[in-house]
Amino acid sequence: MKIILAAGARPNFMKIAPLIWELEKRKKEGNLNHVQYKIVHTGQHYDVEMSEVFFKDLIIPVPDINLEVGSASHAVQTANIMIEFEKVCFQEKPDIVVVVGDVNSTIACTLVASKLGIRTAHVEAGLRSFDKTMPEETNRLLTDALCDYLFTTCEDANINLSKEGIPESKIYFVGNIMIDCLENFRLQAKKRGTSNNYGFKEKNFALLTLHRPSNVDEEESLKKIYGIIEKISREIPVIFPVHPRTRECLKSHGITNDADSIILEKPLGYVEHLNLMMNAKLVLTDSGGVQEETTVLKVPCLTLRENTERPITINLGTNTLVGIDEQKIIENFKKIIDGTYKKQTKIPPLWDGKTAPRIIDTIIGIRLS
Ligand code: UD1
């Protein structure tokens, strides 16, 4: 059996890492002699801090193949990945292509493999924001419509897929693979001392991440968010590792950082970022994965979006949707500071650090006839 693990953007790397560790572990034990795998990086993210750092931090091998597509419009980026990935499929003749998450690389590789009659598996299937203005929602819907094996993180994903007419036989509720990564590095992150290096006291700073086009591309939205963050920073210092898209937007919208207590930083590696998340008083974010990680870490999370494809982090976890509504953000911020923010936090079922073994069990059980 030949497996291709396809990834391309930062949030993909922590989802393929646990699969690689599990495959390597079983190979060392001599249990997987009939399985070969290759890592294909599409090159959607290419800055050292957005890509290479993660392969080092997550202790996974350099990709076997890098398509080096880089940035472009959605159509051009998706098309370039398809053209290059089709060549890889012809050359490598995989039995199964595994894609993760919801980025352009996910749908591009799925489309290619599916049309070539190669089996396809989607890790993190079934999440829906029901917001078609997000490019990721289109990627999720199409990827799930095409893939043969749909690995889901939660019950609402199973329900979403069923409502779309996807047969139950394709759906495998395996849990959240990102949490495998988090649990694997929890101790290392605790010892790392990243927050101390910035001079922060434990639980006395806020972490901000921001990159959604809807928040950063428009001058008005980004200025509004920055104004709110400045107000928060008068109460508590804010560390802001800046995504390259956001860096460009800050520059083009002429937003400069005049606040002493907002620290702008380059994008951070996985372990450093995990250290900041676990030690923060609160996290403000528009990322998908961060909503899940903060729920497991039991750190309050204010999500600067109107909707989420991860409602379980609100229903069971520490997350609250606040949009970019100043009143809502400040109200919740105050609750976090004075200790009245919601406390009930349960770890969602199967977010237990053992998702990769469940996925690999299923994949190696596939009959290839
Ligand atoms: C992509 C994903 C998004 C994910 C995010 C995480 C899609 C549709 N979006 O958004 O779901 O949450 O990654 O980061 O796939 N750039 C660099 N260096 C890089 C990568 C990007 O400078 O290594 C800059 C380029 O100017 C580029 C812009 O960032 O045009 C956006 O990159 P792109 O990959 O198109 O989308 P993201 O906003 O990163």
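Residue positions are counted from 1 within each chain, in the order its sequence is given. With pLDDT at 70 or above as the cut-off, local features in this predicted model cover only qualifying residues; side-chain atom pairs require 80 or more to be listed or tallied, and sums for whole chains, interfaces and linings still use all residues. Side-chain numbers here rest on the full set of heavy atoms in the structure, without hydrogens or water.

1. Describing the overall build of the protein
Of the regular secondary structure elements, the protein holds 16 helices and 13 strands. Taken over C-alpha atoms, the radius of gyration is set against a globule rule of 2.2 Å times the number of residues to the power 0.38. Computed over C-alpha atoms, the radius of gyration of the protein comes to 20 Å, within 12% of the 21 Å expected from 2.2 N^0.38 for 369 residues, which places it in the range of a compact globule. For the C-alpha atoms alone, the extent of the protein along its principal axes is close to 65 × 40 × 40 Å. Exposure categories follow from relative accessible area, calculated using a 1.4 Å probe and restricted to protein chains: below 20% of the type maximum is buried, above 50% is exposed, and the middle band is partly exposed. For the protein, buried positions account for 57% of its 369 residues. Should any heavy atoms of two residues lie within 4.5 Å, those residues are considered in contact. A sequence separation of at least 24 residues applies to 70% of the contacts in the protein between residues at least 6 apart. Of the charged side chains in the protein, 46 are positive and 49 negative; the average position of the first set lies 4 Å away from that of the second. Secondary structure elements follow DSSP: runs of H or I no shorter than four residues count as helices, runs of E no shorter than two count as strands, and numbering proceeds from the N terminus. For the purpose of charge, His is not counted, nor are the chain termini; Lys and Arg are scored as positive and Asp and Glu as negative. Where a charge lies is defined by one atom per residue type: Lys uses NZ, Arg uses CZ, Asp uses CG and Glu uses CD.

2. Things to note about the domain arrangement of the protein
Taken as a whole, the protein is organised into domain 1 (2-175 + 351-368) and domain 2 (183-338). For domain 1 versus domain 2, the separation of C-alpha centres amounts to 27 Å. The interface is formed by 25 residues belonging to domain 1 together with 24 residues belonging to domain 2. When domain 1 packs against domain 2, the two sides together hide about 2000 Å² of surface, and 61% of this comes from carbon and sulfur. On the domain 1 side of the interface with domain 2, the three residues burying the most area are Glu49, Asp57 and Trp351, jointly 28% of the side's total. What counts as a salt bridge is simple: a side-chain nitrogen of Lys or Arg found within 4 Å of a carboxyl oxygen of Asp or Glu. As a salt-bridge pair, Glu136 and Arg212 come within 2.8 Å of each other at their nearest N and O atoms. Pairing of N or O atoms within 3.5 Å defines a polar contact, subject to two protein rules: one partner must be a possible hydrogen donor and the other a possible acceptor, and residues neighboring in sequence count only if both atoms are side-chain atoms. Taken together, the connections running from domain 1 to domain 2 amount to 6 residue pairs in polar contact (both at pLDDT 80 or more). Only helix H1 (10-28), helix H2 (52-57) and helix H5 (135-146) provide two or more residues apiece to the side of domain 1 that touches domain 2. Broken down by element, the side of domain 1 that touches domain 2 gets its largest block of residues, 4 residues, from H1. Classification convention: Asp, Glu, Lys, Arg as charged; Ala, Val, Leu, Ile, Met, Phe, Trp, Tyr, Cys, Pro as nonpolar; all other residues, Gly among them, as polar. Per-class residue counts for the side of domain 1 that touches domain 2 are 11 nonpolar, 3 polar and 11 charged. Segmentation of the chain into domains, including their bounds, is taken from an automatic or database domain assignment. By definition, the buried area sums, over both parts, the 1.4 Å-probe accessible area that each loses when the two are put together.

3. A closer look at the sheet that holds strand E7 (residues 171-173)
Within a sheet, adjacent strands bond to each other through the backbone by hydrogen bonds, running parallel or antiparallel. Spatially, 7 strands are ordered E3-E2-E1-E4-E5-E6-E7 in an open sheet, and the strand pairing comes out parallel. Looking at which strands have only one partner, the edges of the open sheet turn out to be strand E3 (65-66) and E7. Here a strand pair is declared whenever DSSP counts at least two bridges between the two strands. Relative to E3, strand E2 (residues 36-41) runs parallel, the two being bridged by 2 bridges. By the bridge assignment, Val40 is partnered in E3 with Ile65. Along the sheet, H1 makes contact with strand E1 (2-7), E2, strand E4 (96-100) and strand E5 (119-125), crossing E1 at roughly 155 degrees. For every element, the axis is a line fit to its C-alpha atoms; helices are fit only across the contacting stretch, and the angle between N-to-C directions ranges from 0 to 180 degrees. Helix H3 (residues 74-92) rests against E1, E2, E3 and E4 of the sheet, and its axis sits at about 165 degrees to E1.

4. With respect to unusual backbone geometry
A positive phi angle is found at Glu124, which is not glycine, with a value near 90 degrees. Take Glu124: it is sitting in strand E5. Here the phi dihedral of Lys203 falls at roughly 60 degrees; this positive angle occurs in a residue that is not glycine. By the secondary structure assignment, Lys203 is in the loop between helix H8 (194-197) and strand E8 (206-209). You can call Lys203 partly exposed: its relative accessible area is 33%.

5. Observations regarding the pattern of salt bridges
In the structure shown here, the tally under the stated rule is 23 salt bridges. A salt bridge links Glu164 to Arg128, with the nearest nitrogen and oxygen atoms 2.7 Å apart. Separated by 36 residues along the polypeptide, Glu164 in the loop between helix H6 (155-163) and E7 and Arg128 in the loop between E5 and H5 bring together distant segments of the chain. Here Asp217 and Arg245 are joined by a salt bridge, their closest N and O atoms 3.0 Å apart. Of the two residues, Asp217 sits in the loop between helix H9 (213-216) and helix H10 (219-233) while Arg245 sits in helix H11 (residues 244-252), which places them 28 residues apart along the sequence. Judged by its relative accessible area of 33%, Asp217 falls in the partly exposed class. We classify Arg245 as partly exposed; its relative accessible area is 32%.

6. A closer look at the pairing of E1
Counting buried positions over the 6 residues of E1 gives 6, a clear majority of the element. Burial of the side chains of E1 extends over both faces: Lys2, Ile4 and Ala6 are buried on one face and Ile3, Leu5 and Ala7 on the other. With 6 bridges joining them, E1 and E2 adopt parallel strand pairing. When the sheet's bridge partners are listed, Ile3 is paired in E2 with Tyr37. The path from the first strand over the helix to the second decides the hand: if it runs clockwise while the strands point away from the viewer, the crossover is right-handed. Note on the crossover from E1 through H1 to E2: the handedness is right-handed.

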